[in-house]
Amino acid sequence: MLIECVRAWRKTRHPRWAALADWCTDHDRPLVGAGKKKSDREAWHALEQRQDPHDLPRLYAALRGMASTHVVELLPVLARWNDPRSVTQLLGLLEKPQWSARTALPFFRAAARELAASRDVRARDGMLSLGDRYKTILLGAMGDDVGALLRRIAAEMKIVEPELTRDEVVRVAELEAQFPAQLAAAKNTTAVKQGTMKSDQALLETIWAAPDDDGPRLVFADVLQQRGDVRGELITLQVARARGNATNETRAREYELLANSRRFAEWTSPVSQGGDCHVRRGFPSWVQLSARGLGSIATHPAWATVTAVTGLRAVPKKHAKALFESATSLTDVGQIDEAVLELAGEHVAKWRAAELAFMPAPEQVARLASLERLTLSMARGPTDTLPAGWFAPFTKLKRLRLIHTVRATDLPPLEELFVYELKGPLPKGLQALHADPLPALDLLAGSGLLRFGTGSMTGAELAALLAAVPTLRQVELSNLAAAELGPVLRVLQSSQLDAVKVNTNHYTRALDLEARWWSPTLAQQLATLHDVKPKRVLLKPHRDEPLLPIGAPQPTQLAAIESDLKPLGIPLEVAWY
């Protein structure tokens, strides 16, 4: 029977003949040659030369114990069998690969090549399915590369459209009747899988069609939770967070759900094939684009939930253009050049945030007038003062970051300003200012600032700043000298400030230190503080909102931190949410 099924598949390439060939194979034969020794290779070759059709599955199974370089040599040997079970076995090797280093890329190329040569529709569909989720199988760049390879090879395949004659249909049915359990299981699995995929696809299409609406997301979340998929819980928790209903407990649960990198890649697929993702409201929202994997999925409708990207300058122009069409919610485009601006066409009108790596001409400024957050990052030239009236078209601007000298009278009303050098009074409505070097205090007096940042300052300079701007609640210092930490904290303790941020560490007026991560050198600094030594250290995540697959600190890490703090008498608390 096995020989008949294999011969019929060679003629028709029909999946029913392939399934029958697998059902009537003896799968209980022991492994032979599953190792890296010379004797293993000799045993494998001796078994292969017997050409017993029942041996094919165990010949493939033995490959898992070999080096990938040797497997590359053996795949063509097995391909000469021209057997439908090779498709199943190759897809199985790709589903659970034993090799993940970049040195194994020749194996993945060889496997894809042999699948394409089969001209079997199962090979094409299998590679497309694997390609869309390969980043969940192999994390990082390797998953991107293999996923893109499988999708490309599948798209280029020449398929033999499987058809059966009337006599063949009758004969297949006769043989299938001898395997009632396998036939019933196959039909049930296919029906359930197709039903689930159809239902999920319909729900996802509804979400992509209305990415701003929480309703479709919550319906999808309910369906997932009913079948025990914790992604539904994540969607529910993140929608609640977006509505302002998060608690410490729900934040902790989000971190727990997102800590599994493989699962995270699956939940963000296929967008995660195009770069590293952050998620909001349960779906990809921000993507660091990768030129390696973007091409084959740039037109996918799943991009509809993405609101921000970075890396557009590094991807091929045709992929960037396709992305502008599919990412219908895109409002933050990261750093762009003139070429990207032209590719975007009419989509520029939807942009709310951008970083310009060029000095735009007046007509380009007019196209960008909808921006609310603008960064000018082009290199400073001999004349680094922007011309008068340059900002006039930006009537919606709220946040501005630039490395040029500007006169504040030329600026529109702003909420936040990051500037290299400031001349003249502050723009109206300004709440946050970051300027380096420190501006003259008479420019800041009476400004109503709530937050101020600079590179460094002394304790005396901080005291003078607070006297000039009594509304300040937070000061951020990116390069504070170690000797000035104590004087700065003494001013903090007796001032109206809520906190001083030094690099990534927050010191509160109550002398709590909120640390995003820990360095042994920080303990050395704390030992010099004496009268302003922190009362406790709160270890908190790098971001208040968990967007990436990041786990809580491990017990060994916490023990090391506690060991650093014990001589100082400072307790450690973990607020990892």
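These notes cover the structure that comes with them. As the structure is a computational prediction, the values presented were derived from the model and not from experiment.

## What to know about helix H16 (residues 317–326)
For H16, the complete set of buried residues consists of His319, Ala320, Ala322, Leu323, Phe324 and Ser326. For H16, the elements touching its buried residues are strand S2 (283–289), strand S4 (332–336) and helix H17 (338–344).

## A closer look at the side chain of Glu48
Assignment of secondary structure puts Glu48 in helix H3 (residues 38–49). Buried Glu48, no salt bridge; nearest opposite-charge side chain is Arg80, N-O distance 5.9 Å. Looking at Glu48, its side chain comes within polar contact range of the side chain of Trp81, at 2.9 Å. Other than its neighbours up to four places away in sequence, Glu48 contacts Leu59, Val77, Leu78 and Trp81.

## A closer look at the packing of aromatic side chains
Under the counting rule described, the total for this entry stands at 9 aromatic pairs. With centroids separated by 6.0 Å and ring planes inclined at 50°, the aromatic side chains of Trp23 and Phe179 adopt a geometry described as tilted. One end of the pair, Trp23, is in helix H2 (residues 15–23); the other, Phe179, is in the loop between helix H10 (166–176) and helix H11 (180–209), with 156 residues separating them in the sequence. Residue classification places Phe179 among the buried residues on the basis of a relative accessible area of 12%. Between Phe220 and Phe283, the aromatic rings sit 6.3 Å apart at their centres with planes inclined by 35°, giving tilted as the arrangement. With Phe220 in helix H12 (residues 214–226) and Phe283 in strand S2, this residue pair connects regions lying 63 residues apart in the sequence. Each member of the pair, Phe220 together with Phe283, is buried. An aromatic cluster of at least three residues, connected via ring pairs, comprises Trp99, Phe107, Phe108 and Tyr134. A cation over a ring is seen here: Arg13 above Trp9, with NZ or CZ 4.0 Å from the ring centre. One Lys or Arg, Arg231, reaches over the ring of Phe283 and ends 4.6 Å from the middle of that ring.

## Describing the nonpolar core
Taken as a class, soluble globular proteins show a tendency for nonpolar side chains to be buried jointly. Ranked by size, the top nonpolar core spans 110 residues in total, and within it Trp303, Leu312, Trp351, Leu374, Phe391 and Leu433 carry the most contacts. The element contributing the most residues to this core is helix H21 (residues 485–493), with 5 residues. Judged by nonpolar contacts, the second largest core, of 43 residues, contains Leu75, Trp99, Met127 and Leu130.

## Remarks on the pairing of strand S13 (residues 474–477)
Across 4 bridges, the pairing between strand S12 (residues 451–454) and S13 is parallel. Within S13, the position partnered with Arg451 by the bridge is Gln474. The parallel pair S12 and S13 is bridged by helix H20 (residues 459–468), and the resulting crossover is right-handed. Pairing analysis gives 4 bridges linking S13 to strand S14 (residues 499–502), with the strands arranged parallel.

## Thoughts on the side chain of Thr136
Here Thr136 is to be found in the loop between helix H8 (121–132) and helix H9 (141–156). Side-chain polar atoms of Thr136 contact the backbone oxygen of Arg133, separated by 2.5 Å. If near-sequence neighbours (up to four positions away) are discounted, Thr136 is found in contact with Arg262, Ala265 and Glu266.

## Brief notes about the packing of helix H1 (residues 2–12) against H2
Interaxial distance between H1 and H2 falls to 8 Å at its minimum, and their mutual angle equals 155°. Taken together, the axes of H1 and H2 lie roughly antiparallel to each other. Handedness of the H1/H2 crossing: left-handed. Each of Leu2, Glu4, Cys5, Val6, Ala8, Trp9 and Thr12 in H1 lies in contact with H2, whose residues at this interface are Trp17, Ala18, Leu20 and Ala21. Looking at the contact of H1 with H2 residue by residue, the class counts come to 9 nonpolar, 1 polar and 1 charged.

Reading the values: the criteria
Residues numbered from 1 in each chain as written. Predicted model: local features only at pLDDT ≥ 70, side-chain atom pairs only at ≥ 80, totals over all residues. Heavy atoms only, no water. Buried < 20%, exposed > 50% of the residue type's maximum accessible area, 1.4 Å probe, protein only. Helix = DSSP H or I, 4+ residues; strand = E, 2+ residues; numbered from the N terminus. Contact = heavy atoms within 4.5 Å. Lys, Arg positive; Asp, Glu negative; His and termini not counted. Salt bridge = Lys/Arg side-chain N within 4 Å of Asp/Glu carboxyl O. Polar contact = N/O pair within 3.5 Å; in protein donor to acceptor, adjacent residues only side chain to side chain. Phe/Tyr/Trp six-rings, centres within 6.5 Å; stacked < 30°, edge-to-face > 60°. Lys NZ or Arg CZ within 6 Å of the ring centre and 35° of its normal. Core = buried A, V, L, I, M, F, W, Y, C linked by side-chain atoms within 4.5 Å. Pairing = 2+ DSSP bridges. Right-handed = clockwise from strand over helix to strand, strands pointing away. Axes fitted to C-alpha atoms, helices over the stretch in contact; angles between N-to-C directions. Parallel < 35°, antiparallel > 145°, perpendicular 65-115°, else oblique. Left-handed = near helix turned anticlockwise from the far one by under 90°. Nonpolar A, V, L, I, M, F, W, Y, C, P; charged D, E, K, R; others polar.

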